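The lines below spell out each chain.
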Amino acid sequence: MVADPLVGQVDDKLEELNQRIKEFFDKVNEVLSWVPEAFAHLIEPIQRGMEVVKQKIQEFWAKIQQAWNQPGNSAVLRLKAEMWASGVANPIGDVAGDIALRNLDANVEWTGRAAESYKAIVPAQADGLTGLKDLALQIRNSLNSLANALDAFKLALYVAIAVFVVGVVGAVAAACTIVGAGAAIGAIATGVSVAIGLITAAITAVNSYLDVIETEQTALTQKIRDVGSTWSRSDRDLSDGSVSDGDGSDWRVNR
């Protein structure tokens, strides 16, 4: 299966964030452990702040779980899109060109009722093939649009996580003293709130775009049904279009 590089980048950033958060809690707990029992009341605000931060971080991970449960694979979507073009649209387009009246010798070399009936049905067959080619290209474009939407979502998610990582790194650096720990808690609480807001916005945006693509693909599904499963045929009996039996349906060489 083709790997999606953006998925790996987001996963790596999430792992880095998890490590930084653990580092922050370890640093604050280490600083608090130095405070003598007689001054325990001084660290109670910090402990309450840490509980708030824990709740915010749990909210963050819940939001990540919602956003990252099924990230999708943009690379595979683009591969499938290319297959619709190279494996379906292009070959069908070639056949449509080959059977166009301007490219058929039968239209020039033969006359007679059989030849005229054949000539009458060829444009409908070529138009049907051209329609199939256009439909295949629309499917290709829809799959590429979906891949682009997923990429935009993953990039937005990556940015949100990166913003949070920067905030946590700064908080770890600040949390070396009791005074610094209080400021660090405020910084990390702000960072996680910003990250949650960015993720929520990314989810809303991608859901809106997916709704548009779903409507588009529903229309494509209907177009596929409308194509039908029968090949355009003449209502004339071409099976009697001989060159020798002398009846009115003969193929005759155009001299």
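Everything that follows concerns the structure shown earlier in this document.
Definitions and cut-offs
- Residues numbered from 1 in each chain as written.
- Predicted model: local features only at pLDDT ≥ 70, side-chain atom pairs only at ≥ 80, totals over all residues.
- Heavy atoms only, no water.
- Helix = DSSP H or I, 4+ residues; strand = E, 2+ residues; numbered from the N terminus.
- Buried < 20%, exposed > 50% of the residue type's maximum accessible area, 1.4 Å probe, protein only.
- Contact = heavy atoms within 4.5 Å.
- Areas by Shrake-Rupley, 256 points an atom, 1.4 Å probe, with all protein chains shown as cover.
- Phe/Tyr/Trp six-rings, centres within 6.5 Å; stacked < 30°, edge-to-face > 60°.
- Axes fitted to C-alpha atoms, helices over the stretch in contact; angles between N-to-C directions.
- Parallel < 35°, antiparallel > 145°, perpendicular 65-115°, else oblique.
- Left-handed = near helix turned anticlockwise from the far one by under 90°.
- Nonpolar A, V, L, I, M, F, W, Y, C, P; charged D, E, K, R; others polar.
- Core = buried A, V, L, I, M, F, W, Y, C linked by side-chain atoms within 4.5 Å.
- Expected span 1.5 Å × (residues − 1).
- Bend = angle between axes of the 7 residues up to and from the residue.
- Polar contact = N/O pair within 3.5 Å; in protein donor to acceptor, adjacent residues only side chain to side chain.
- Salt bridge = Lys/Arg side-chain N within 4 Å of Asp/Glu carboxyl O.

Undergrad: Just give me the short version of the overall build of the protein chain, but keep the residues and values in it.
TA: Each helix and strand counted, the protein chain has six helices and two strands in total. Its helices and strands in sequence order give the protein chain the pattern α-α-α-α-β-α-α-β, from N to C terminus. The 255 residues of the protein chain split such that 35% are buried. Once local pairs closer than 6 in sequence are excluded, the contacts in the protein chain between residues at least 24 apart make up 86%. A total of about 14,800 Å² of accessible surface is found on the protein chain, and carbon and sulfur atoms cover 56% of it.

Undergrad: Give me the packing of aromatic side chains: which residues, what numbers.
TA: With the rule as written, the count across this model stands at three aromatic pairs. Centre to centre, the rings of Phe60 and Trp61 are 5.2 Å apart; their planes meet at 70°, and the pair counts as edge-to-face. Since its relative accessible area comes to 0%, Phe60 is described here as buried. On the basis of relative accessibility, which here comes to 28%, the residue Trp61 falls in the partly exposed class. Arranged with centres 4.9 Å apart and planes meeting at 70°, the rings of Phe60 and Phe164 form a pair that is edge-to-face. Remark: Phe164 occurs in helix 5 (residues 113–174) and Phe60 occurs in helix 2 (residues 40–68); sequence separation between them is 104 residues. Taken individually, Phe60 and Phe164 each receive the classification buried, so the pair is uniform in this respect. Three or more aromatic residues joined by ring pairs make a cluster, and in this case those are Phe60, Trp61 and Phe164.

Undergrad: Please provide a residue-by-residue account of the packing of helix 1 (residues 5–33) against helix 6 (residues 178–227), values included.
TA: Packed helix pairs are characterised by how far apart their axes lie and by the angle those axes make with each other. At their nearest, the axes of helix 1 and helix 6 sit 10 Å apart, and the two run at 150° to each other. With respect to each other, helix 1 and helix 6 are oriented roughly antiparallel. Here the hand of the crossing between helix 1 and helix 6 comes out left-handed. In this structure, helix 1 contributes Phe24, Val31 and Leu32 to the contact, and helix 6 contributes Ile178, Ala184, Ile185 and Ile188. For the contact of helix 1 with helix 6, the residue count by class is seven nonpolar, no polar and no charged.

Undergrad: Would you mind going over the nonpolar core in detail, with residue names and values included?
TA: Counting residues in hydrophobic clusters, the biggest one holds 41 residues, and the most contacted among them are Phe24, Phe60, Leu157, Ile161 and Phe164. Elements that contribute at least two residues to this core include exactly helix 1, helix 2, helix 5 and helix 6. Among the elements that take part in this core, helix 6 stands out by supplying 12 residues, more than any other. Those residues in contact with Phe60 that lie beyond four places of it in its chain are Leu17, Ile161, Phe164, Val192, Ala195, Ile196 and Ile199.

Undergrad: Tell me about helix 3 (residues 74–99), residues and numbers included.
TA: With 26 residues, helix 3 extends 37 Å between its outermost C-alpha atoms, agreeing within 8% with the 38 Å of an ideal straight helix rising 1.5 Å per residue. At Ala89, helix 3 is bent by approximately 30°, the largest bend along its length, and proline Pro91 sits one to four residues beyond. Along helix 3, the residues classified as buried are Ser74, Leu77, Ala81, Ala85, Ala89, Ile92, Gly93, Ala96 and Ile99. Residue Asn73 occupies the N-cap position of helix 3, its side-chain oxygen lying 3.1 Å from the main-chain nitrogen of Ala75.

Undergrad: Explain the side chain of Asn73 to me, and be specific about the residues and the numbers.
TA: When you line up the elements, Asn73 lands in the loop between helix 2 and helix 3. A distance of 3.0 Å separates the side chain of Asn73 from the backbone nitrogen of Val76, its partner in a polar contact.

Undergrad: Tell me what's going on with the pattern of salt bridges, and back it up with residues and numbers.
TA: Considering all chains together, one arrives at five salt bridges under this definition. One salt bridge connects Lys13 with Glu16, and the closest N-O pair in it is separated by 3.1 Å. In this pair, Lys13 and Glu16 both sit in helix 1, three residues apart, roughly one turn of the helix. Among the residues examined, Glu16 registers a relative accessible area of 26% and is labelled partly exposed. Asp26 is the partner of Lys22 in a salt bridge, and the nearest nitrogen-oxygen pair spans 3.1 Å. With a gap of four residues between them, Lys22 and Asp26 both fall in helix 1, about one helical turn apart. Lys22 gets classed as exposed once you look at its relative accessible area, which sits at 54%. Note on Asp26: relative accessible area 40%, which makes it partly exposed.

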